[in-house]
Amino acid sequence: MTETSLASIRQTLEAGLTPLALELEDESHKHAGHAGVMHDHKGANRGDGGITHLRVRVISPSFTGKSRVERHRIVNGLLQGEIARGLHALAIEAKAPGE
């Protein structure tokens, strides 16, 4: 993982969600060599050194009244650029304040 990619992802999520709490965990190293992630555009060998597998834990007022699916769609939408560049897997834990 490059710190630049992680910083960029953090900035994108902070701008889009105004979170009360945000944790990002690069899990790319756990998947290196797996058959489904061997191609540069899909896997741990991503050519730009960016993140391929990411865990996001976020608490945001933006999620109030939203279903789990809606929350995931919001996060996926915000990270569509990273997904297009090779973010292969995204684990999301999205909560509203007080949950």
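Residues numbered from 1 in each chain as written. Predicted model: local features only at pLDDT ≥ 70, side-chain atom pairs only at ≥ 80, totals over all residues. Heavy atoms only, no water.

Caption draft 1: Looking closely at the sheet that holds strand 2 (residues 53-59). Sheet architecture is open: 3 strands sit in the order 1-2-3, paired in mixed fashion. Each edge of the open sheet carries a strand with a single partner, namely strand 1 (21-26) and strand 3 (89-95). This sheet shows a mean twist of 10° between the axes of neighbouring strands, independent of strand direction. Inspection of the sheet shows strand 2 paired to strand 3 by 7 bridges, in the parallel sense. Bridge pairing in strand 3 links Val56 to Ile92. (Pairing = 2+ DSSP bridges. Helix = DSSP H or I, 4+ residues; strand = E, 2+ residues; numbered from the N terminus. Axes fitted to C-alpha atoms, helices over the stretch in contact; angles between N-to-C directions.)

Caption draft 2: Layout of the pattern of salt bridges. One pass over the structure, following the stated rule, counts 7 salt bridges. Of the charged contacts in the structure, one is a salt bridge between Glu23 and Arg57, with a shortest N-O distance of 3.6 Å. Pair noted here: Glu23 is in strand 1 and Arg57 is in strand 2, with a separation of 34 residues, a long-range link. Glu23 gets classed as partly exposed once you look at its relative accessible area, which sits at 47%. What makes Arg57 partly exposed here is its relative accessible area of 27%. (Salt bridge = Lys/Arg side-chain N within 4 Å of Asp/Glu carboxyl O. Buried < 20%, exposed > 50% of the residue type's maximum accessible area, 1.4 Å probe, protein only.)

Caption draft 3: Structural context of helix 2 (residues 68-78). Within helix 2, burial applies to Arg71, His72 and Val75. Summarising the axial view, the buried residues of helix 2 lie within an arc of 95°, below the 170-degree limit, and thus occupy one face. (Arc of directions from axis to C-beta.)

Caption draft 4: A look at the environment of Val58. Tracing the backbone through its elements, the reader meets Val58 in strand 2. Of the residues examined, Val58 reaches a relative accessible area of 3% and is grouped as buried. Along the backbone, Val58 and Leu24 are 34 residues apart, and their C-alpha atoms lie at a distance of 8.6 Å. If we ignore the near neighbours within four places in the chain, the residues touching Val58 are Leu17, Pro19, Ala21, Leu22, Phe63, Glu93, Ala94 and Lys95. (Contact = heavy atoms within 4.5 Å.)

Caption draft 5: Spotlight on the side chain of Glu27. Here Glu27 is to be found in the loop between strand 1 and strand 2. A polar contact of 2.8 Å, which involves the side chain of Glu27, links it to the side chain of Arg55. Ignoring anything within four residues of it in the chain, the contact list for Glu27 reads His53 and Arg55. (Polar contact = N/O pair within 3.5 Å; in protein donor to acceptor, adjacent residues only side chain to side chain.)

Caption draft 6: Spatial organisation of the pairing of strand 1. Taking every second residue as pointing to the same face, the buried face of strand 1 carries Leu22, Leu24 and Asp26, while none of Ala21, Glu23 and Glu25 on the other face is buried. Where strand 1 lies against strand 2, 6 bridges are found, and the strand directions are antiparallel. In the strand pairing of strand 2, Leu24 is matched with Val56.

Caption draft 7: Highlighting the nonpolar core. Within the largest apolar cluster, 17 residues are counted, with the highest numbers of intra-cluster contacts made by Leu13, Leu24 and Leu54. Within the residue set of this core, elements represented by two or more residues are helix 1 (3-17), strand 1, strand 2 and strand 3. Tallying contributions element by element places helix 1 first for this core, with 4 residues. Leu54 has contacts with Leu6, Ile9, Leu24, Glu25, Asp26, Leu79, Leu87, Ala89, Leu90 and Ala91, leaving out every residue within four places of it along the chain. (Core = buried A, V, L, I, M, F, W, Y, C linked by side-chain atoms within 4.5 Å.)

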